[in-house]
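# Tertiary structure, described
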Amino acid sequence: MLKLAIKSLANRKTSALLTVIAIAVSVALLLAVERVKEQVQANFANTVSGTDLIVGPRSGDVQLLLASVFHIGALNNSMSWQSYEKLSQNRQVEWSVPISLGDSVSGMPVVATTAGYFQHFKYANQQPLKLQHGEWFNHSEQAVLGADAAEKLDFRVGDQLIIAHGTGGISFSQHSGHPIDVVGVLKRTGTPVDQSIYVDLKTLEDIHGGETASEAEEHAHEHTGHDEHADHHHPTSAISAALVGLKSRQMALFMQRDINTADGEPLTALMPGQTLQQLWKTLRVFEQALNGISAIVVIIGLLGMLTILLASLRERSREMAVLRAVGAGPGTLFTLLVTEAVLLTIIATASGLALLYILQISLAGVIQQQTGLLFALQWPTAAEWWRMLFVVVAGFLMSLVPAWRAYRQSLADGLTVKV
Amino acid sequence: MAYAIEIDHLAFAWQGGQLTLDIPHWQVETGESVLLRGPSGSGKSTLLSLLAGINVAQQGNVSLLDQSLSNLSGRKRDRFRANHIGYIFQQFNLLPYLSALDNVLLATQFSPKRRQRVAESGQSAEQLAIQYLKRLGLSASQQQQAAANLSVGQQQRVAAARALLGAPELLIADEPTSALDSDRRDDFIKLLLELSEQNNTTVLFVTHDASLGQYFNRHVELSDINRAAGGSPHA
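Residues numbered from 1 in each chain as written. Chains lettered and ligands numbered in written order. Predicted model: local features only at pLDDT ≥ 70, side-chain atom pairs only at ≥ 80, totals over all residues. Heavy atoms only, no water.

Judged by nonpolar contacts, the single largest core of 38 residues is most densely connected at Ile 88, Val 158, Leu 165, Ile 189, Leu 192, Phe 205 and Phe 216 of chain B. At the level of elements, α3 (100-109), α5 (125-135), α7 (152-164), β7 (170-174), α8 (182-198) and β8 (202-207) of chain B are the ones that each hand at least two residues to this core. Non-local contacts of Leu 192 of chain B, meaning those with residues more than four positions away in its chain, are made with Ile 88, Ala 160, Leu 164, Leu 171 and Phe 205 of chain B. Core analysis: the next-biggest nonpolar cluster, separate from the first, contains 37 residues, Ile 180, Val 199, Met 255 and Ala 269 of chain A among them. (Core = buried A, V, L, I, M, F, W, Y, C linked by side-chain atoms within 4.5 Å. Buried < 20%, exposed > 50% of the residue type's maximum accessible area, 1.4 Å probe, protein only. Helix = DSSP H or I, 4+ residues; strand = E, 2+ residues; numbered from the N terminus. Contact = heavy atoms within 4.5 Å.)

Residues and elements named next belong to chain A. Domain boundaries assigned for chain A yield domain 1 (2-44 + 279-413) and domain 2 (53-270). Contact residues are listed per partner, giving seven residues for domain 1 and 12 residues for domain 2. Broken down residue by residue, the surface that domain 1 buries against domain 2 is led by Phe 44, Gln 368 and Gln 369, which jointly contribute 54%. If you look at where domain 1 meets domain 2, you find zero residue pairs in polar contact (both at pLDDT 80 or more). Secondary structure elements with two or more residues in the side of domain 1 that touches domain 2: α2 (13-47) and α12 (330-371). Looking at the side of domain 1 that touches domain 2 residue by residue, the class counts come to three nonpolar, four polar and no charged. (Domains from an automatic or database assignment. Buried area = accessible area lost by both parts, 1.4 Å probe. Polar contact = N/O pair within 3.5 Å; in protein donor to acceptor, adjacent residues only side chain to side chain. Nonpolar A, V, L, I, M, F, W, Y, C, P; charged D, E, K, R; others polar.)

Turning to the sheet that holds strand β9 (residues 218-221) of chain B, a few remarks are in order. Residue and element names in this part refer to chain B. Here five strands make up an open sheet; going across it, the order is β6-β7-β8-β3-β9 and the pairing parallel. Where the open sheet ends on each side, the last strands, each with one partner, are β6 (85-88) and β9. Strand after strand, the sheet turns through a mean of 15 degrees between neighbouring axes, direction not considered. In this structure, strand β3 (residues 33-37) lies alongside β8, joined through five bridges in parallel fashion. Its bridge partner lying in β8, Arg 37 is registered against Thr 207. α7 rests against β6 and β7 of the sheet, and its axis sits at about 170 degrees to β6. (Pairing = 2+ DSSP bridges. Axes fitted to C-alpha atoms, helices over the stretch in contact; angles between N-to-C directions.)

Set out below in structure tokens:
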């Protein structure tokens, strides 16, 4: 029966092929939506591990997380150095790393931090950052570059770079009086770390505070909030956020509540994992809309198959009559048509999956350059298998229509062919 | 005495039409080869559809191999036909996309009884099919060709091999030679009858061509057994 179905399909190659292509493309789309969602979530979840709390100025959790770790968006406020010092001396806190954002080199974000960043920041499965070339910075006027940043800006160890004020691609205020030496390049991590340029907190302070007279004038209007340079014991007066590791993870919830409700400077503390969940929850509507659209595309593909199968029944009335004549009952014809449609759907689904992998392999480089997302090659996940099963079952259900028609038609026509 | 075909008080009319067939009594003995002749429109096709069990007589009885067809359900008639009757159609009815050999093998694919008889012969269905096709004059390479690429004569021989595979008790042929020139037609009929005899298959050969009568045991004019004057609605 299977052999007969295959040969019959092979006889109608063109329409069968078109059907397979239509369904395969729609299946690839359906799977891509799931895969992109899943990989984006995995990528985001991979970016911070080992950090129990992120503390910053009062703002929305999602905004603080996106700005501090993913360099998406910006923070309107800053957090004072005093608050940071107070936080770092809390007895629950095992380590804390300050970060200061807002400058860039040709659009790549500059993260001003301390050497502690390289020690404590972990990504993926508790992986520490590693150097590809050179060494960590140990004083100001030195920078360590993420893998992508080094590649895109074409900087190597020993080169000098100029930090620009602001995060846009083109800045009109370059801190050209303060060239920074590149001393190290990080190994690729597949996280936003790759896109970043790391400098010492003091560097940022120096270039903003100790500029040449003309530059200082130029910047006067931009730096009105930054002019508390009197206290030179501190590396800086204000930071964007702090990454915090706790002695005991279980304390995170209490610490978070303490910080959020404390008197003094209004701060926000968040747990990265929980905030990511919150983010996905807000994005679920869009995800569902995409899913809905791709499901409709699949159904359109299957309807195309239905149309082709129904149209072919007319020209196949002879084939049906022959099979009836050699003893195939109407039930056998029914089974034959269902087998044919299910076979088409399975081939199409497999091709769709293959197409997905081909797209993923060929586009992975572009996606990584554009978004920093690393799309891992992997076997289909359970969710993807379910989607494929959905397509095959839908194909099976649709095939019942032409199969029923063939059944009725063969009963009516008998063995004679009405040409 | 067992009859391969036995018709009793048969009356059949197409819906709303006049009587097409009115056959008081007619029979074909087992092992006979009978030529049934009638001009087009004389009710040949109608009689064949009754014998094949596609249509059922409104009155009377049609029995094949002592089995009354009117007592069988549609599905059982299908199975009975597949198991016991080899049928060669006017248009041969091959599946164009299957090879000649696969077309022949279709005969056993849907009939357990034919498979069984093939098994009893001690050969595989494929071996037998190849033998038949070879005897009917199709070379090994022709046997592997898609039916659509064969000539009319070759297609007809494939149809004959299919009807004979699995040694059905009864072979019914409906004008299978109408597309052949007379030399090829005579060769074909001789071969067909020879193979049928080996299988003890009863043959009913329906045609409008009286000149073929010499090859058969018996020559019957449909007008001699059918009392109805009217023809089929297709006439």
